[in-house]
Each structure stands twice: as structure tokens, then as C-alpha cells.
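Descriptive analysis of the structure
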Amino acid sequence: MTSSAQNITEPDVDTVVVGAGFAGMMAVRRLLEQGRTVHGIEKGGDVGGTWYWNTYPGLRCDVESVEYSYSWDEGLQQEWVWPERYSAQPDILKYAQHVAERFDLKKHFEFNTKLTRATFDNAANIWTVTTDTGNTITARWVVMATGALSVPKKNDLPGAETFTGLNLYTTSWPKTPVDFAGKRVAVIGTGSTGIQVSSEIAKTAKELFVLQRTPSWSVPAHNRPLTAKEIADVKANYASERLRKRDSMDGLGLPGTGKSALEVTKEERDAFYQNVYDNMSPFTFFGSFTDVLVDDAANQTISDFLGSKVRERVKDPAIAEKLIPKSYPFGTRRTCIDTGYYEIYNQDNVHLVDLLENPLKAITPTGFMTDAGAVDVDIIVHATGYDAFTGVVSDVDIIGVDGVNLREVWNAGAKTYLGTMTAGFPNLFLVTGPQSPSVLSNVVVSIEQHVDFITDTIKYLTDKGYNRMEATPEAQDAWVEMNNGIGQFTVHRNSHSWYMGDNVAGKAHVVLPALMGVGPFRAACDEVAADGYRGFALAS
Ligand code: NAP
């Protein structure tokens, strides 16, 4: 499509949706149900988002599959059968494919197409969207379903470009299997990705060097095939359980004791933690006791318990100590799930390279160099994380009213109202944007809430004859301030992580995920909508 935004009064389509992951597919489906014209744009060659790009060995979701799936179609959730408790990436991608085919969504997306620029016409209230394929399309509404973790952090390793061996990036892994047998391999990064990929590579590599700067907490996944009875039980209760969970703090409805961690005995506390460790989602730790996310001493009880587990799993006490996080409170960085991660350090072919003890000086043509000396490797696996939440606007131009670029606005610290809109960018909706629960929840539950809120909003606006909506700066500032305030009240107050933008040099420190919890966030959105979209300016 090639229309120009100049002097137009009617756009080419009602809505442009950017991204064909879980959020984009649902948004397209909802908008089609409303009878709208929708044009989807997707950078990848197919649907799936994260699960399309991340195909590294060992990748599993850290939310149980029966939960990490859509709830909006009863037929879909009844017919789909998850093979494992924590399904592997290929099965999640298969699910995404199934959804796209079942609801005939693919024909609404232009694949292998990246948004490069979007410009708002302040008089016509219309966006002009330009892509790297040279297309231009105009739309009344734009929905950015681009994910919080979709843009890798820029490679900041000194000398990275000099390495003459094979560089592999977990965020754009080769589509054909990589053979590590007989190879000397370095993995850089020990977040969820580094932990998963190292556990797999350790099985076949001749030597594996895991370069760790900050250790993560990790809990065994206890992954296994699901039984027919388990699947039948879940399906019998899906409808009611999904409803219960979407009003919970984490979107998972995990149990807690309702007590302070400091008012019970160590035995009682550890018995609860042990049950979580053996049987439940690791995110159960967060709500295990009422004060573990607000009180440092209560929080420390989890670290003490999990530290003892690392010491049990790793034979060399000195290595175990290096693997135990000591520089941040539990929960202020992502807790990982693993399959045999700590045990790889009991293998002769695996070496922990502690970058705190011996900082990384450079990547060299043949490997890497730390203060302890040079190590030659054949392959470097980069698992160094994402430019979370805001990365997606860092290499595109989104131009709002008065010619202001969203990238520059967010440079000073990402701000939204309800995680949905940024002041100065009317008619541009964000799914799981900054200051929404997103990464601190079962993200599919958060996606569903956000997509429903956005598409219900678009319907409301259209039904009432409005063609413009934007967050007011006052409502936005109050929302961001409230979220930062919750951060101060919790163990996040002194934390530095990608949750706060701290992993990217020069990025402003701001609490990126909403900390209030999934249920309260939903209630806040519903209340704003019921109050005529309080805090948003609506216009015809
Ligand atoms: P991450 O948590 O940001 O971890 C990146 C790792 O790379 C950190 O250990 C970091 O160390 C290290 N690193 C970055 N730059 C470095 C440098 N210049 N030198 C040395 N080390 C460096 O990223 P991720 O592991 O990709 O995970 C991101 C998020 O994606 C997760 O938290 C999770 O939400 C999601 N995820 C989920 C799953 C799952 O469901 N199982 C799997 C993968 C990812 P520092 O911490 O010291 O900076």
C-alpha cells in the first residue's frame, strides 16, 4: 500500500498491529472479531515472536505450559495437548503455528517486514507506518505488540569483532542444529538463557567455559511428560482456574502461607520452601510469606535456603560459593529454572570463569582473555540479554505530535500510563509496555489483559465517534511515580538489573515492570475504563 499521510482523512486500514507473537496474534484476532481492517507487520518469517527467534538448545518456558497458553477460546484450550510440564521451544512454536492456522491469522500479516518509521498526523489523527520493504500504510490506530524482550542488548564486549571462530547468538540461533562435540565453547552470560544453553552444551562439548559476571538463582524445573489424567484435570477446570489466576498477583495464582517469614520457625519456613523447590513453580517463592519481597531479613531466608541447595548440588565448595548470588536480594533479578545446571560444574569438561574475580579484558581472535590469562575456544555463545521494554523503539523512528521521537522521550526514562500509552503519541497502543506487569507475571495472562483492554478501548472510541486518544502527562507521571514508589517499598529499592534498565549502558534507571501485581493492574485498567478513560484525553 502506498498512500501518503498528507491531506488524508481516511486511513488505508483501521489498525496496524506490529508483531506476530502471542500478543500480535491475539490483537489481530480480537480486531477482526470487531469487523475492523487490520494489517499486521512482522520482522520474522513466521508467527511465534520470542519462540520463533530463540531456538537455542535447552530453551523451555519457565511457566508451566498449561498456563502459558491462550485462554480466550475454549475449543483451542480443550483441543491442544501439551506434551511436557515445561514444554520445549519447538512445542511452543508448534502451538503458535496451530493458533495462527486455526484462526486463519497469517494472511493478515506481512512477514519479513520491519517497521522503520511511524509518523502521527496531528490534524488527521492518522499514523503513517513505513516498513523496510518500502511499503507505507496509514492507520487510525497502531498496536505495538512487540514484546518486552525482543531486542538483544548491543554487543558491548571489548574486541568482540576480532574473534575468528564461530559466534552464536541465542537471540538469533541458526535454524540448523549446531554440533558442539569435540569443540571448546565459551558461553557468556548466566541469566535464564545462559543457564539453559550451558546445561545443554555441557553434554557434548569437549570443554565448556561459562563466563559469569553476576550469578542467578536457579531452581530445578522437575520437567516431565504430563500424564493423561493431569491433562484431563486441567481441561475440566480450565475455565474457572483461568478466571481465578487472572486476578492473582502473578497471573499464576500460586499459594502462600499468608504469614511473615520472620514469625514462623526456621523449620516451618524451610518445609514450605522445600515443597516449593520440589514441586511448584519457582515464582511461588515470591508470595510464600507476606514480607519476603519487602523486608530484607525475610528475603534473606529464601537466599539462605536456596544457597544451601546450590551447596548440595555442586561438589566443589569453592565453585558453589561463586555460583551463589550474594550481591542482590532474591527476586530482584529473574529466578531461573534449570535442568541439571548446577550439576554441570561437577563435570571435568566444564569450567566456571568468575568475571568478578578475574574481569573479562577482551575477546581475542582465538577466544577470550581475563585477568587470569587467555583461553582459546572454537565457539562463543552470546547469552548477554536484552534491551528490555524500550529496545524496540531504539532503532526505529516513532514520531508523535510536534515531531517528537519516542526514542528520545524514553531516553530520559520510559514512561507510560497503564503500560499502554505514552503522552504525546496518540492512538499508539503498547502491549505489555513499560509500567505494566509483563515480565513479572505469566506474560500470556498479562498479554490477554492488555490486548483486551486495548481492543475494548478501540471499540469504545469508535462506537462513541472518537478518533483520537492519548495519555495525559499528569496521569502518566502519577502512574510512573506510583510504580517507582512501590519499588521503594520493596526489595527492588536498591536493585540494579534489566528490570530497571541497568544492563544497558546509558539507559535511564526506572522501574520498568509494574510492581503492583496482575490482578490489581487489571482492576486499575478496568476502573479507568469504567470512569470514561480517566487520565486519557479523547477527541473526535
Ligand atoms: P539476562 O538475564 O539479562 O542475562 C544476561 C547475562 O549476560 C547476565 O548474566 C549478564 O551479567 C551477562 N552479561 C551481559 N553483558 C555482559 C558483559 N559485557 N560481560 C559479561 N557478562 C555480560 O538475559 P537472558 O538470560 O537472555 O534472560 C532475559 C530474560 O528473558 C529472562 O530474565 C526471562 O525473563 C526471559 N527468558 C526466559 C526464559 C524461560 O522462560 N525459561 C529463557 C530465557 C529468557 P550481569 O547480570 O552481570 O549484567
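Residues numbered from 1 in each chain as written. Predicted model: local features only at pLDDT ≥ 70, side-chain atom pairs only at ≥ 80, totals over all residues. Heavy atoms only, no water.

This paragraph deals with helix α1 (residues 22-33). The end-to-end C-alpha distance of α1 is 17 Å, a good match for the 16 Å that 12 residues give at a rise of 1.5 Å each. The buried fraction of α1 is high, at nine of 12 residues. Here α1 has its buried residues at Phe22, Ala23, Gly24, Met25, Met26, Ala27, Val28, Arg30 and Leu31. Remark: Gly35 follows α1 within two positions and exhibits a positive phi of approximately 80 degrees. (Helix = DSSP H or I, 4+ residues; strand = E, 2+ residues; numbered from the N terminus. Expected span 1.5 Å × (residues − 1). Buried < 20%, exposed > 50% of the residue type's maximum accessible area, 1.4 Å probe, protein only.)

Tallying each qualifying case throughout the model produces 39 salt bridges. Asp452 serves as the salt-bridge partner of Arg30, at 2.7 Å between the closest nitrogen and oxygen. Of the two residues, Arg30 is situated in helix α1 and Asp452 in helix α11 (residues 443-464); the sequence distance between them amounts to 422 residues. For the pair shown, Arg30 and Asp452 are each scored as buried. Its salt-bridge partner being Arg102, residue Asp73 comes within 3.6 Å of it at the nearest N-O pair. Placement of Asp73 in the loop between α2 (50-53) and α3 (74-79) and of Arg102 in helix α4 (residues 89-102) is noted, with a sequence separation of 29 residues between them. Classification of Arg102 by relative accessible area gives partly exposed; the value is 35%. (Salt bridge = Lys/Arg side-chain N within 4 Å of Asp/Glu carboxyl O.)

Buried together is how nonpolar side chains tend to be arranged in soluble globular proteins. Grouped together as the largest cluster of nonpolar side chains are 110 residues, with contacts concentrated most on Phe22, Tyr70, Phe285, Val381 and Phe536. Split by domain, this core shows at least three residues from each of two domains, domain 1 (13-47 + 105-151 + 387-539) and domain 2 (154-202 + 350-385). Judged by nonpolar contacts, the second largest core, of 36 residues, contains Trp127, Ala388, Leu428 and Leu515. (Core = buried A, V, L, I, M, F, W, Y, C linked by side-chain atoms within 4.5 Å. Domains from an automatic or database assignment.)

Look at α11 against helix α13 (residues 518-530): their axes get within 11 Å of each other, and the N-to-C directions meet at 0 degrees. The orientation of α11 with respect to α13, classified from their angle, is roughly parallel. Packed against α11, whose contacting residues are Val445, Ser446, Gln449, His450 and Phe453, the element α13 presents Val518, Phe521, Arg522, Cys525 and Ala529 at the interface. Among the residues forming the contact of α11 with α13, the class breakdown is six nonpolar, three polar and one charged. (Axes fitted to C-alpha atoms, helices over the stretch in contact; angles between N-to-C directions. Parallel < 35°, antiparallel > 145°, perpendicular 65-115°, else oblique. Contact = heavy atoms within 4.5 Å. Nonpolar A, V, L, I, M, F, W, Y, C, P; charged D, E, K, R; others polar.)

On to the sheet that holds strand β7 (residues 166-169), then. Taken in spatial order, the five strands make up an open sheet running β7-β16-β8-β9-β12, and their pairing is parallel. Looking at strand neighbours, the two that pair on one side only are β7 and β12 (350-354), the edges of this open sheet. On average, each strand axis in the sheet is inclined to that of its neighbour by 20 degrees, with strand direction left out of account. In this structure, β7 lies alongside strand β16 (residues 379-382), joined through four bridges in parallel fashion. Opposite Leu166, over in β16, you have Ile379 as the bridge partner. Packing against the sheet, helix α5 (residues 192-201) makes contact with β8 (184-188), β9 (207-212) and β16, and its axis sits at approximately 165 degrees to β8. (Pairing = 2+ DSSP bridges.)

Every one of the 25 residues lining the ligand counts as a neighbour, but Arg60, Lys153, Thr193, Thr214 and Arg333 are closest to it. A distance of 2.8 Å separates a nitrogen atom of the ligand from a polar side-chain atom of Lys153. Between an oxygen atom of the ligand and a side-chain N or O atom of Arg213, the distance comes to 2.8 Å. Summarising the interface, the protein chains cover 88% of the accessible area of the ligand, which totals 900 Å² for the free molecule. (Near = heavy atom within 4 Å. Polar contact = N/O pair within 3.5 Å; in protein donor to acceptor, adjacent residues only side chain to side chain. Areas by Shrake-Rupley, 256 points an atom, 1.4 Å probe, with all protein chains shown as cover.)

On to the layout of surface pockets, then. Here the second largest pocket defines a volume of roughly 770 Å³. In terms of lining, the second largest pocket is formed by 33 residues, of which the most central are Met249, Phe286, Gly287, Leu293 and Leu515. A per-class count over the lining of the second largest pocket returns 19 nonpolar, 12 polar and two charged. (1 Å grid on protein atoms, 1.4 Å probe; cavity = no way out; pocket = protein on both sides within 12 Å on 5 of 7 lines; lining within 4 Å. Points joined across faces, edges and corners; volume = space filled by probe spheres on them.)

Here the focus is the sheet that holds strand β13 (residues 360-364). Two pairing modes exist for strands in a sheet, parallel and antiparallel, and in both the strands are linked by backbone hydrogen bonds. A sheet is described by the order of its strands in space; here three strands give the open sequence β13-β14-β15, paired in antiparallel fashion. Every other strand in the sheet has two partners, leaving β13 and β15 (373-376) as the edge strands with one partner each. The mean angle between the axes of side-by-side strands here comes to 20 degrees, regardless of whether they run parallel or antiparallel. With four bridges connecting them, β13 and strand β14 (residues 367-370) associate as antiparallel partners. By the bridge assignment for β14, Thr364 is matched with Gly367.

Attention now goes to the pairing of strand β4 (residues 115-121). Relative to strand β5 (residues 126-131), β4 runs antiparallel, the two being bridged by six bridges. Pairing of Thr119 across the sheet is with Thr128, part of β5. The loop that links β4 with its antiparallel partner β5 comprises four residues; one of these, Asn125, has a positive phi angle of about 60 degrees.

Here the focus is the domain arrangement of the chain. Domain assignment breaks the chain into domain 1 (13-47 + 105-151 + 387-539) and domain 2 (154-202 + 350-385). Look at where the C-alpha atoms of domain 1 and domain 2 centre, and you get two points 34 Å apart.

Now for the confidence of the model for the chain. Within the chain, residue pLDDT values average 96, and 99% of them lie at 70 or more. In the predicted structure, residues 1-5 sits below a pLDDT of 50 and forms 14 contacts with residues beyond four places in sequence or in another chain. (pLDDT = per-residue confidence, 0-100.)

This part takes up the packing of aromatic side chains. Taken as a whole and assessed by the stated rule, the structure comprises 34 aromatic pairs. Arranged with centres 5.5 Å apart and planes meeting at 55 degrees, the rings of Phe22 and Tyr68 form a pair that is tilted. Placement of Phe22 in helix α1 and of Tyr68 in the loop between α2 and α3 is noted, with a sequence separation of 46 residues between them. What makes Phe22 buried here is its relative accessible area of 6%. One aromatic cluster is present, formed by Phe22, Trp51, Tyr68, Tyr70, Trp72, Trp80, Trp82, Tyr95 and Phe103 through successive ring pairs. When the ring centre of Tyr52 is taken as reference, the NZ or CZ atom of Lys175 above it lies at 4.6 Å. Note that Lys309 overlies the ring of Tyr277, its terminal NZ or CZ placed 5.3 Å from the centroid. (Phe/Tyr/Trp six-rings, centres within 6.5 Å; stacked < 30°, edge-to-face > 60°. Lys NZ or Arg CZ within 6 Å of the ring centre and 35° of its normal.)

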